[in-house]
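Take a look at the letters that make up each chain.
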Amino acid sequence: MFGTRDDWRRLCQSDDMRPKGRHVKVSFANGRSHSVYVRDNDEAYLLTAVVANAEVVGQWDRLYREAWERNRHTRLAGFRIDTAGQLIAHGWTPKDGLTADAFQAVVRAVAREADRYEFQLTGADRR
């Protein structure tokens, strides 16, 4: 697939990934899972996953600062508050030269970081 602009669903062919609609559900060895939304732009894929809804975000006084501090230490995934007040994990990858392994690495990183932060904030597996 190197050098092609392939449909992202075909890039998710792995036992731990289940594409459905515009999302891919990533399953982890510990039994948890997290869904990642895939936005297909002209030149890149934007990957986002909800960490916490606005209600949870509103309960944490320092969440904006914590997200900013986490962003300083992550490489493939970052965090932000969206316009709906949700805490979102995000990442992206260009399409040119994209392989299934590279795409899956970014999807897994976004899912893993979102799931880890979700658990730290809520103690639950909601997504």
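The text that follows walks through the structure, step by step, so that each part is easy to find. (Residues numbered from 1 in each chain as written. Predicted model: local features only at pLDDT ≥ 70, side-chain atom pairs only at ≥ 80, totals over all residues. Heavy atoms only, no water.)

1. With respect to the overall build of the chain
Then, number 1: When its secondary structure is counted, the chain shows four helices and six strands.
Then, number 2: Relative to the globule expectation of 14 Å for 127 residues, the C-alpha radius of gyration of the chain, 15 Å, shows essentially globular dimensions.
Then, number 3: Each principal axis of the C-alpha atoms in the chain carries an extent, and together these give about 45 × 30 × 25 Å.
Then, number 4: Relative to its full complement of 127 residues, the chain shows a buried share of 40%.
Then, number 5: When contacts within the chain are restricted to residue pairs at least 6 apart in sequence, long-range pairs at least 24 apart make up 62% of them.
Then, number 6: If you sum the accessible surface of the chain, you get close to 7,400 Å²; carbon and sulfur atoms cover 47% of it.
Then, number 7: Averaging the positions of the 21 positive and the 18 negative side-chain charges in the chain gives two centres separated by 2 Å. (Helix = DSSP H or I, 4+ residues; strand = E, 2+ residues; numbered from the N terminus. Rg over C-alpha atoms; globule rule 2.2 N^0.38 Å. Buried < 20%, exposed > 50% of the residue type's maximum accessible area, 1.4 Å probe, protein only. Contact = heavy atoms within 4.5 Å. Areas by Shrake-Rupley, 256 points an atom, 1.4 Å probe, with all protein chains shown as cover. Lys, Arg positive; Asp, Glu negative; His and termini not counted. Charge placed at Lys NZ, Arg CZ, Asp CG, Glu CD.)

2. Comments concerning the pairing of strand β6 (residues 87-94)
Then, number 1: Relative to β6, strand β4 (residues 44-52) is paired through eight bridges, and the arrangement is antiparallel. The partner of Ala49 across the bridge, within β6, is Ala89.
Then, number 2: The hairpin formed by strand β5 (residues 78-81) and β6 contains five residues between the paired strands, and Gly85 there has a positive phi angle of roughly 85°. (Pairing = 2+ DSSP bridges.)

3. Focus: the nonpolar core
Then, number 1: Core analysis: the largest hydrophobic core is formed by 31 residues, its most contacted members being Val51, Leu87 and Phe103.
Then, number 2: Here this core gets nine residues from one element, more than from any other, and that element is helix α4 (residues 100-122). (Core = buried A, V, L, I, M, F, W, Y, C linked by side-chain atoms within 4.5 Å.)

4. Observations concerning the packing of aromatic side chains
Then, number 1: Counted under the stated rule, the structure contains two aromatic pairs.
Then, number 2: Ring geometry for Tyr45 versus Phe103: centroids 5.3 Å apart, planes at 65°, classification edge-to-face. Remark: Phe103 occurs in helix α4 and Tyr45 occurs in strand β4; sequence separation between them is 58 residues.
Then, number 3: A relative accessible area of 0% places Phe103 in the buried class.
Then, number 4: Where Phe79 meets Tyr117, the ring centres are 5.0 Å apart and the plane angle is 85°; that geometry is what we call edge-to-face. Placement of Phe79 in strand β5 and of Tyr117 in helix α4 is noted, with a sequence separation of 38 residues between them.
Then, number 5: Directly above the ring of Tyr117 sits Arg70, whose terminal nitrogen or CZ lies 3.6 Å from the centroid. (Phe/Tyr/Trp six-rings, centres within 6.5 Å; stacked < 30°, edge-to-face > 60°. Lys NZ or Arg CZ within 6 Å of the ring centre and 35° of its normal.)

5. Quick word on the environment of Asp16
Then, number 1: Within the element layout of this structure, Asp16 appears in the loop between α1 (8-11) and β1 (17-20).
Then, number 2: Along the backbone, Asp16 and Tyr45 are 29 residues apart, and their C-alpha atoms lie at a distance of 19 Å.
Then, number 3: With residues up to four places along the chain from it excluded, the contact list for Asp16 reads Lys25, Val26, Ser27 and Arg108.
Then, number 4: Here the side chain of Asp16 touches Ser14 through a polar contact of 2.6 Å, side chain to side chain.
Then, number 5: Within the local environment of Asp16, its side chain forms a polar contact with the side chain of Arg108, the two groups lying 2.7 Å apart. (Polar contact = N/O pair within 3.5 Å; in protein donor to acceptor, adjacent residues only side chain to side chain.)

6. Considerations on the side chain of Asp115
Then, number 1: Within the secondary structure layout, Asp115 lies in helix α4.
Then, number 2: Polar contacts involving the side chain of Asp115 include one to the side chain of Arg32, which spans 2.7 Å.

7. Some thoughts on the pairing of β5
Then, number 1: As paired elements, β5 and β6 share four bridges and run antiparallel to each other. Bridge pairing links Arg80 to Ile88 in β6.

That's the geometry; what it means functionally is another story.
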